[in-house]
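Report on the structure
The chain contents come next:
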Amino acid sequence: MSYELSHLRALEAEAVHVMREVAAEFERPVLLFSGGKDSAVLVRLAEKAFRPGRFPFPLMHVDTGHNFPEVIEYRDRLVERIGERLIVASVEESIRQGRVVEETGPRASRNRLQTVTLLDAIAEHRFDAAFGGARRDEERARAKERVLSFRNEAGQWDPKSQRPEPWALYNTRIRRGEHVRVFPLSNWTELDVWQYIAEEGIELPSIYFAHRRQVFRRDGMLYAVSPFVELMDGEEPFEASVRYRTVGDMTCTGGVESKAATLEEVVAEIAATRVTERGETRADDRVSEAAMEDRKRVGYF
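Residues numbered from 1 in each chain as written. Predicted model: local features only at pLDDT ≥ 70, side-chain atom pairs only at ≥ 80, totals over all residues. Heavy atoms only, no water.

1. Points about the packing of aromatic side chains
- One pass over the full model with this rule turns up nine aromatic pairs.
- With centroids separated by 5.7 Å and ring planes inclined at 75°, the aromatic side chains of Trp 194 and Tyr 208 adopt a geometry described as edge-to-face. In this pair, Trp 194 is assigned in helix α7 (residues 190-200) and Tyr 208 in the loop between α7 and β7 (211-218), connecting sequence segments 14 residues apart. When sorted by exposure, Trp 194 lands in the same class as Tyr 208, which is buried.
- Among the aromatic residues, those joined into a ring-pair cluster are Phe 50, Phe 55, Phe 57 and Phe 131.
- Directly above the aromatic system of Phe 150 lies the positively charged group of Arg 163, at a separation of 3.7 Å from the ring centroid. (Phe/Tyr/Trp six-rings, centres within 6.5 Å; stacked < 30°, edge-to-face > 60°. Helix = DSSP H or I, 4+ residues; strand = E, 2+ residues; numbered from the N terminus. Buried < 20%, exposed > 50% of the residue type's maximum accessible area, 1.4 Å probe, protein only. Lys NZ or Arg CZ within 6 Å of the ring centre and 35° of its normal.)

2. Focus on the environment of Leu 119
- Examined against the element boundaries, Leu 119 turns out to sit in helix α5 (residues 114-125).
- Along the chain, Leu 119 and Gln 156 lie 37 residues apart, while their C-alpha atoms are 9.6 Å from each other.

3. What about the domain arrangement of the protein?
- The domain boundaries assigned to the protein delineate domain 1 (7-192 + 290-297) and domain 2 (205-285).
- Relative placement of domain 1 and domain 2: their C-alpha centres are 23 Å apart.
- With 30 residues of domain 1 in contact, the opposing surface of domain 2 contributes 30 residues.
- For the pair domain 1 and domain 2, the two sides together bury roughly 2,500 Å², of which 54% comes from carbon and sulfur.
- At the junction of domain 1 with domain 2, the criterion picks out three salt bridges.
- In this structure, Arg 213 and Glu 70 form a salt bridge, with 3.4 Å as the shortest nitrogen-oxygen distance.
- The tally of links between domain 1 and domain 2 comes to nine residue pairs in polar contact (both at pLDDT 80 or more).
- Elements that contribute at least two residues to the side of domain 1 that touches domain 2 include exactly α2 (37-50), α3 (69-82), α7 and α10 (291-297).
- The dominant element in the side of domain 1 that touches domain 2, judged by the number of residues it contributes, is α3, at four residues.
- Looking at side-chain class alone, the side of domain 1 that touches domain 2 contains nine nonpolar, 10 polar and 11 charged residues. (Domains from an automatic or database assignment. Contact = heavy atoms within 4.5 Å. Buried area = accessible area lost by both parts, 1.4 Å probe. Salt bridge = Lys/Arg side-chain N within 4 Å of Asp/Glu carboxyl O. Polar contact = N/O pair within 3.5 Å; in protein donor to acceptor, adjacent residues only side chain to side chain. Nonpolar A, V, L, I, M, F, W, Y, C, P; charged D, E, K, R; others polar.)

4. Overview of the pairing of strand β6 (residues 179-182)
- In β6, alternate side chains face the same way, and those of His 179 and Arg 181 on one face and Val 180 and Val 182 on the other are all buried.
- Alignment of strand β4 (residues 129-131) against β6, held across three bridges, turns out to be parallel. Its bridge partner lying in β6, Ala 129 is registered against Val 180.
- Pairing of strand β5 (residues 148-151) with β6, which is carried by four bridges, proceeds in the antiparallel orientation. Of the residues in β6, the one forming a bridge with Phe 150 is Val 180. (Pairing = 2+ DSSP bridges.)

What follows is the structure in structure tokens.
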């Protein structure tokens, strides 16, 4: 057996253990599903953990309404295939209810508005644990969290209040109104995720592979031309071969120029890169050095 295979299976076993432990310890868990590569891996791990039975939790997508259409098509196709329950928490509905205020202008985005929609949905459904696909290698704030990340009654995270997790033992005790974010992929890297996807033959949205589309350049990033983004003076659309390393709101997610159109080519490309996917393609992480941590403190994914 190759080193890569044994390494991936060790990560798989750890993630499956985490999922089973959380399902056993919490009353109302949920799997946060964005339609991206990491949440697709979480779904496969849940199948490994709980099949032939049903998942002991639903999937939930926080839908900004400004998603890539390819991702929504993929989401609906996957949910139909696995036969599990999907909850859609809508940012559009949060705007209509006055819970959040729509941003305006060429840099407007609904990405930051997701936090209120997410916390409202957690409260409405009384979820006490939420699986997410975050990994420590994505961003410095992510690296401050452990597998279990505890949130208070307001959904807030205190990076100084981390519980030790010796020997994969987890303290799951929470008070009424609190909940836990759970990151089974904490110890995975982006390359691990892609190698696992290739090993397992996991289907992904087509935007993860090189394709030609209309884009424009802003702040050193390539954004897809869409009805959700207002072009500024001097920004001219052009066609390029791009792919996406991460899935998010179209208003803040950039693509990378690439010719990697197959899983093997993407794995080779990721193995050669030295820039994290969020550092290269997510505008919301460029607001400040502490942008991610600031969002996480108030309840972000």
